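Single-letter residue listing:
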Amino acid sequence: MTGARVPLERWVVVRIALVCAVAFFINCQPSEPYLTQYLQENKNLTEAQLDETVWPADLYASLAFMLPVGIAAEALGYVPIIFLGLLCREATRVVLIFSKSLTMMVVTQVTYAVASIANSVLLSYLFTLVPPSSFVTASLLFKAAYAAGNVAGSALGQLIFDHADVSLTTLFYVSWGFTSLGLGVFLVTCTRTSALPRSVHSVPSALSPSQRERRLPNIGVNSSDSGDSGDEDCLLTTGNHGHHRLINASASSDDDDDDDDAHADDSEADQDNGSSSNNSTTVESFPLLPGERHHSAADARARQGAAGASMRHSSSNNSSSGSSSTGSALRKKLARGVSWLGTLAALYRDPLVLVWTVWWTFAYGAYVLFGNYYQTLLYNHYSNVPFGWIECGVEVGGAMGNLLQLCVAHRYVNSTAAACVAAVLLAATAGLSQVVWRDMAVAAAVLCLFAAIYKGSMGVASASVAAHLKHGAYALVFTANSFVSLSIMAAVSAVATSLHADTLAFFRIILCIAGIGALTVTLTAVALVFSRSA
């Protein structure tokens, strides 16, 4: 089924613009193209120390924190985790400027890894702010803004380095300023906007015109009130994130096989919600999330009254009992987040989610290695490398890879063939990169093409996966996918490091990973076609 391109309403545009502004500013880092040069010249680190100690620390830290951050995001909410990631960005800048030891440079890779993981949560947060019909546009614009921030930062860094009589350290101060600006925009965003009801994020194949929502301001209102009596819309009060789920009664029978999903007691979540369904609302069978159970309208009213009484009672308690209650609620939330792991496999039942996840498993890790080693490769093979312009070109490729798809991605976002094409193109470009190192301009062009293919594909992959997840849980799935990919990369990196592999060897590893990924994605898509026909 092919999705249709849906015009964006003004309030959707504003929300996308705010989150994209955060992505832009936190990635506008004029110092980034000169990180390798800065560490070698200002911090006196060697190539061997970078390849064997510093860069691997980023990979291992990402591996260690990826899944815990995803679980924490689903348990505690996206906003606090994003805020933590932004604080880690601040810490990275401070340590890079004021510390000199090898150990502290490794620390910067750890803090930066947590900050980078939070980027996935930031995109997940954007998906909670807009309707599913806007997922493709939101994802592509987010990825483009992310890359555009790098473009602006790289260009600014090169201009400052070429025409201003300043040290490399000055570039890191400028980067610190942009990081702080991104933090400020995020604080404005999370205080001025709120997540949409979970209803609009729970419908599979949400990109198709027949299943997209019709008017979001009426969510939570009976279908008879919205003037569309032909659709039997009904509400299901959830115990997660304080949202309602809007579903179509005629489609509920298709999901009966999911009714055995793990349930947990949601009394503490009900108090967090403080919300209830309308009196005339009916409840249909629908797959539940951890911490959810079906409730009638009378139950909702009873819970609302109980929650109000509980709030009045709690206000009379002393501060010590309040602290104990808060700690207990936090522990329960974390336990509920861990319970997501029990239903993780069910989230991958959709064929599109599965195929794009396989692509993600190989492509993400390959690009992580690419990002860690391409500056070192250029630095060691050429003299007077314009790192700022090359980094700018790489990010322009990433931005264009997303922007060029804005008007056409809806045509193939629901096709498994798109993942196959993306995997093959990435492998082909990785192969091309092995034979073009004689000329710096050609090598830089191939690096830009590699980034364009990867980032453009990731924009489509993120939207397709999110739109076909019945339960939401965007942050958990995104981080789980990346965790699996990084696990493979960590094993490969450990072996390569133990063999004292040079930078060129890592680029050969990237080619192997991309090639295996293309083969695996293709075989997965073919297997799904045969399983459906059988």
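The numbers attached to residues start from 1 for each chain and follow its sequence in the written order. Reporting of local features is limited, given that this is a predicted model, to residues whose pLDDT is at least 70; pairs of side-chain atoms are given and counted only at 80 or more, and all residues count toward the totals for whole chains, interfaces and linings. Processing note: side-chain calculations cover all non-hydrogen atoms of the structure and skip hydrogens and water entirely.

### Topic: the overall build of the protein chain
For the protein chain, the count of helices and strands is 16 helices and 2 strands. Within the protein chain, buried positions represent 54% of all 534 residues. Contacts: residue pairs with any heavy atoms within 4.5 Å of one another. Summarising the internal contacts of the protein chain: among those between residues at least 6 apart in sequence, 84% fall at separations of at least 24. In this description, accessible areas are obtained by the Shrake-Rupley approach with a 1.4 Å probe, and a residue is regarded as covered only by the protein chains that are shown. Surface summary for the protein chain: the accessible area is close to 21,300 Å², and the carbon and sulfur share equals 61%. Secondary structure elements follow DSSP: runs of H or I no shorter than four residues count as helices, runs of E no shorter than two count as strands, and numbering proceeds from the N terminus. Note on classification: 1.4 Å probe, protein chains only; a residue is buried when its accessible area is under 20% of the maximum for its type, exposed when over 50%, partly exposed between these limits.

### Points about a nonpolar patch on the surface
Taken together, the side chains of Val396, Met400, Leu403 and Leu404 define a hydrophobic patch exposed on the protein surface, amounting to about 340 Å² of accessible area. Assignment of secondary structure puts Val396 in helix H12 (residues 387-403). By relative accessible area, which is 35% here, Val396 ends up partly exposed. Residues enter a patch when their relative accessible area is above 30% and they make no salt bridge; the linking distance is 9 Å between like charges and 5 Å between nonpolar side chains (Val, Leu, Ile, Met, Phe, Trp, Tyr). Definition used for salt bridges: Asp or Glu carboxyl oxygen within 4 Å of a side-chain nitrogen of Lys or Arg.

### Here we look at the environment of Ala363
In this fold, Ala363 is placed in helix H11 (residues 351-381). Residue Ala363 is classed as buried on the basis of its relative accessible area, which comes to 4%. In sequence terms Ala363 and Ser485 are 122 residues apart; their C-alpha atoms lie 8.0 Å from each other.

### Points about the environment of Ala57
By the element assignment, Ala57 lies in helix H3 (residues 47-76). With residues near it in sequence (within four places) discarded, Ala57 still touches Val106 and Gln109.

### With respect to the packing of aromatic side chains
Think of it this way: a Phe, Tyr or Trp ring, Trp meaning its six-membered ring, pairs with another when their centres are within 6.5 Å, and the plane angle makes it stacked under 30 degrees, edge-to-face over 60, tilted otherwise. The full count for this structure, using the stated rule, is 19 aromatic pairs. With a centroid separation of 6.2 Å and an interplanar angle of 65°, the aromatic rings of Phe127 and Phe478 are classed as edge-to-face. Taken together, the positions of Phe127 in helix H5 (residues 102-129) and Phe478 in helix H15 (residues 474-498) put the pair 351 residues apart, joining distant regions of the chain. We note that Phe127, like Phe478, is buried. Taken together through their ring pairs, the aromatic side chains of Trp356, Trp359, Tyr367, Phe370, Phe450, Tyr454 and Phe507 make up a single cluster.

### Things to note about empty space enclosed by the protein
A 1.4 Å probe that fits into a set of points on a 1 Å grid over the protein atoms alone but cannot get out defines a cavity; an open set with protein on both sides within 12 Å along at least five of seven lines defines a pocket, and lining residues are those with an atom within 4 Å of a point. Grid points are joined across faces, edges and corners, and a volume is the space filled by probe spheres set on the points. Under the defined criterion, the tally for this structure stands at 7 cavities of 30 Å³ or more. Counted as a void, the largest cavity has a volume near 1,100 Å³. Considering the residues around the largest cavity, the lining is formed by 45 residues, among which Tyr112, Ser116, Tyr146, Tyr367 and Gly371 are closest to the centre. Throughout, the ten residues Ala, Val, Leu, Ile, Met, Phe, Trp, Tyr, Cys and Pro are labelled nonpolar, Asp, Glu, Lys and Arg are labelled charged, and all others, Gly among them, are labelled polar. For the lining of the largest cavity, the class distribution of residues is 22 nonpolar, 15 polar and 8 charged.

### Focus on unusual backbone geometry
Phi is positive for Asn44, which is not a glycine, with a value near 60°. Mapped onto the elements of the fold, Asn44 is located in the loop between helix H2 (35-41) and H3.

### Focus: the pattern of salt bridges
It is possible for side chains of opposite charge to pair when their charged atoms get near one another. All told, the structure shown has 2 salt bridges when counted by the stated rule. Arg93 serves as the salt-bridge partner of Glu32, at 3.5 Å between the closest nitrogen and oxygen. Linking Glu32 in the loop between helix H1 (10-26) and H2 with Arg93 in helix H4 (residues 78-98), this pair joins segments that are 61 residues apart in sequence. Judged by relative accessible area, which is 4%, Arg93 ranks as buried. Among the salt bridges present, the one from Glu395 reaches Lys455, with a minimum N-O distance of 2.4 Å. Placement of Glu395 in helix H12 and of Lys455 in helix H14 (residues 440-467) is noted, with a sequence separation of 60 residues between them. Judged by relative accessible area, Glu395 falls into the buried class, the value being 4%.

### Quick notes on the nonpolar core
Each nonpolar core is a collection of buried residues, namely Ala, Val, Leu, Ile, Met, Phe, Trp, Tyr and Cys, held together in the definition by side-chain atoms within 4.5 Å. Ranked by internal contacts, the top residues of the largest apolar core, which has 127 residues, are Leu39, Leu122, Trp356 and Trp359. Sorting elements by how many residues they give to this core places H11 first, with 18 residues. Setting aside anything within four residues of it in sequence, one finds Leu122 in contact with Val19, Val22, Ala23, Ile26, Ile82, Phe142 and Phe186.

### Looking at the side chain of His410
Positionally, His410 belongs in the loop between H12 and helix H13 (416-432). You can call His410 buried: its relative accessible area is 13%. We call two N or O atoms a polar contact when they sit within 3.5 Å, provided that within protein one can donate a hydrogen and the other can accept it, with sequence-adjacent residues counted only if both atoms are side-chain atoms. In this structure the side chain of His410 is engaged in a polar contact, spanning 3.5 Å, whose partner is the backbone oxygen of Cys407.

### Points about H3
Between the first and last C-alpha of H3 there are 40 Å, a value that for 30 residues agrees with the 44 Å anticipated at 1.5 Å per step. Here the bend at a residue is taken as the angle between two axes, fitted respectively to the seven residues that end there and the seven that start there. Where H3 bends most, at Phe65, the angle is about 35°, and the proline Pro68 comes one to four residues later. Each residue after the first adds 1.5 Å to the expected span of a helix.

### What about the packing of H13 against helix H16 (residues 503-533)?
Direction vectors running N to C along H13 and H16 enclose 160°, while the axes themselves pass 8 Å from each other. One finds that H13 runs roughly antiparallel with respect to H16. Crossing hand, H13 versus H16: left-handed. Of the residues in H16, those touching H13 at Thr416, Ala419, Cys420, Ala423, Val424, Leu426, Ala427, Ala430 and Gly431 are Ile510, Leu511, Ala514, Gly515, Gly517, Ala518, Val521, Thr522 and Ala525. Class assignment of the residues belonging to the contact of H13 with H16 gives a composition of 13 nonpolar, 5 polar and no charged. To obtain each axis, a line is fitted to C-alpha atoms, and for helices this fit is confined to the stretch in contact; angles are then taken between N-to-C directions over 0 to 180 degrees. Throughout, the term roughly parallel applies to angles under 35 degrees, roughly antiparallel to angles over 145, roughly perpendicular to angles from 65 to 115, and oblique to all others. Take the far helix as your reference; a near helix turned counterclockwise from it by less than a right angle gives a left-handed crossing, and one turned clockwise gives a right-handed crossing.

### Details of the environment of Thr189
Within the secondary structure, Thr189 is located in helix H7 (residues 168-192). Remark: the alpha-carbon pair of Thr189 and Leu18, spanning 171 residues in sequence, is separated by 6.2 Å. Beyond its immediate chain neighbours, meaning those up to four positions away, Thr189 contacts Leu18, Val19, Val22 and Tyr125.

### Focus on the confidence of the model for the protein chain
Mean pLDDT for the protein chain: 74, with 71% of residues reaching 70 or above. By definition, pLDDT measures how confident the predictor is in each residue, and it falls between 0 and 100. By mean pLDDT, the top-scoring element of the protein chain is H4 (95), and the lowest-scoring one is strand S1 (residues 233-237) (28). Taken together, the stretch residues 202-322 has pLDDT below 50 and engages in 201 contacts with residues farther than four places along the chain or on a different chain.

### Some points on the state of the cysteines
The disulfide criterion is simple: two cysteine sulfur atoms within 2.5 Å. Tallied over the entire structure, the rule returns 0 disulfides. Between Cys448, a free cysteine, and Cys392, which holds the nearest cysteine sulfur, the sulfur-to-sulfur gap is 8.6 Å.

### Brief notes about the packing of H1 against H7
Interaxial distance between H1 and H7 falls to 7 Å at its minimum, and their mutual angle equals 165°. Here H7 runs roughly antiparallel to H1, going by the angle between their axes. For the crossing formed where H1 meets H7, the hand is left-handed. For the pair H1 and H7, the contacting residues are Leu18, Val19, Ala21, Val22, Phe25 and Ile26 in the first and Phe178, Thr179, Leu181, Gly182, Val185, Phe186 and Thr189 in the second. Of the residues belonging to the contact of H1 with H7, the class tally is 10 nonpolar, 3 polar and no charged.

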